[in-house]
Amino acid sequence: MTRTSTLSTSVSPGARRRLQLSPKFTDALLGAAGLLAVMAALELATVAGLLPERTFPRISSDLRQLAELAGGGELWTAVGHTLQGWAISFGLAVVIAVLLGMAIGSSTVLHAATTAVIEFLRPIPSVALIPLVVLVLGTGLQSKIFLATFAAAWPVLIATIYGMKDVEPVALETARSFRARPHDRLLSVVLPSAVPYIATGLRVASTTALILCVTAELVIGAPGLGQAITVAQAGGQYELMYALIIATGLLGVLLNLVFVAIEKRLLRWHPSQRAQEVVQ
């Protein structure tokens, strides 16, 4: 027996699990190091005068401002308004897009009839609809929800359609040979094949909905982080403005991490997740 095999057999299962987690820990360290390097570069650029400190304050000052904001209620009120619009628009986008995607993906006739409409509407930027939406719905929560829902629905819709169509033919024919009812085929064969596609669409749609909520707040003045950023910029409070921008970015990162964790949890049975576990 070689020395390597002797060592591998002498390692306890708990130690093996800890060793298997080391690549994740290494990735986290590299990510933190990269972030710190970027922040240090921006700090040095401001100190050296490469960036105007009046309109681009030092990162350290922005972070101190963010820490002060976190101790008060104004930041969390703005975050609450943004998350309210995000949650409503994301929920509407998921319900509408998944149902439509399942219907279109399971019907060849409906897919052919809607392809031209989808390809015409999908490239339209939600921002281009702002004048129309303001005229019809005003500048409140309804406009923000409509714009974010319109933008977030497309990733889920396209992912659902492709997921419904990318079904293993052998599995589908096997279900038919056993005379499984259409409802059973949908639940046991088609949907398990489409779920990984839908999960990816949901993760993309989550970020898209947040972007459009903040954009609507910036442009039309709906309450939230975007409105707070606009007010700070108009008042020349640049440290506050950048602190709010950092808070928005952190919110996006947090939402993405939540959806990645949910995706890994719900799709532990899928080969892609098992492959990641083996690599890690």
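Residues numbered from 1 in each chain as written. Predicted model: local features only at pLDDT ≥ 70, side-chain atom pairs only at ≥ 80, totals over all residues. Heavy atoms only, no water.

Draft legend 1. Examining the pattern of salt bridges more closely. All told, the structure shown has 4 salt bridges when counted by the stated rule. A salt bridge links Glu-119 to Arg-122, with the nearest nitrogen and oxygen atoms 2.9 Å apart. Taking relative accessible area as the criterion, Arg-122 reaches 37% and is therefore assigned partly exposed. (Salt bridge = Lys/Arg side-chain N within 4 Å of Asp/Glu carboxyl O. Buried < 20%, exposed > 50% of the residue type's maximum accessible area, 1.4 Å probe, protein only.)

Draft legend 2. Representation of a nonpolar patch on the surface within the structure. Taken together, the side chains of Ile-88, Leu-92, Val-95, Ile-96, Leu-99, Leu-100 and Leu-141 define a hydrophobic patch exposed on the protein surface, amounting to about 580 Å² of accessible area. Here the nonpolar patch gets 6 residues from one element, more than from any other, and that element is helix α4 (residues 74-105). Residue position: Leu-100 is located in helix α4. (Patch = residues over 30% accessible without salt bridge, like charges linked within 9 Å, V, L, I, M, F, W, Y side chains within 5 Å. Areas by Shrake-Rupley, 256 points an atom, 1.4 Å probe, with all protein chains shown as cover. Helix = DSSP H or I, 4+ residues; strand = E, 2+ residues; numbered from the N terminus.)

Draft legend 3. Region of the structure containing the confidence of the model for the protein. For the protein, the mean per-residue pLDDT works out to 83, and 79% of the residues sit at or above 70. Taken as a whole, residues 1-11 scores under 50 in pLDDT and shows 5 contacts with residues more than four places along the chain or in a different chain. (pLDDT = per-residue confidence, 0-100. Contact = heavy atoms within 4.5 Å.)

Draft legend 4. View of the packing of helix α6 (residues 130-137) against helix α7 (residues 141-165). Interhelical geometry of α6 versus α7 gives an angle of 140° and a closest axis separation of 9 Å. Taken together, the axes of α6 and α7 are oblique relative to one another. For the crossing formed where α6 meets α7, the hand is right-handed. Between α6 and α7, the residues in contact are Ile-130, Val-133, Val-134 and Leu-137 and Gln-142, Ser-143, Phe-146 and Leu-147, respectively. For the contact of α6 with α7, the class distribution of residues is 6 nonpolar, 2 polar and no charged. (Axes fitted to C-alpha atoms, helices over the stretch in contact; angles between N-to-C directions. Parallel < 35°, antiparallel > 145°, perpendicular 65-115°, else oblique. Left-handed = near helix turned anticlockwise from the far one by under 90°. Nonpolar A, V, L, I, M, F, W, Y, C, P; charged D, E, K, R; others polar.)

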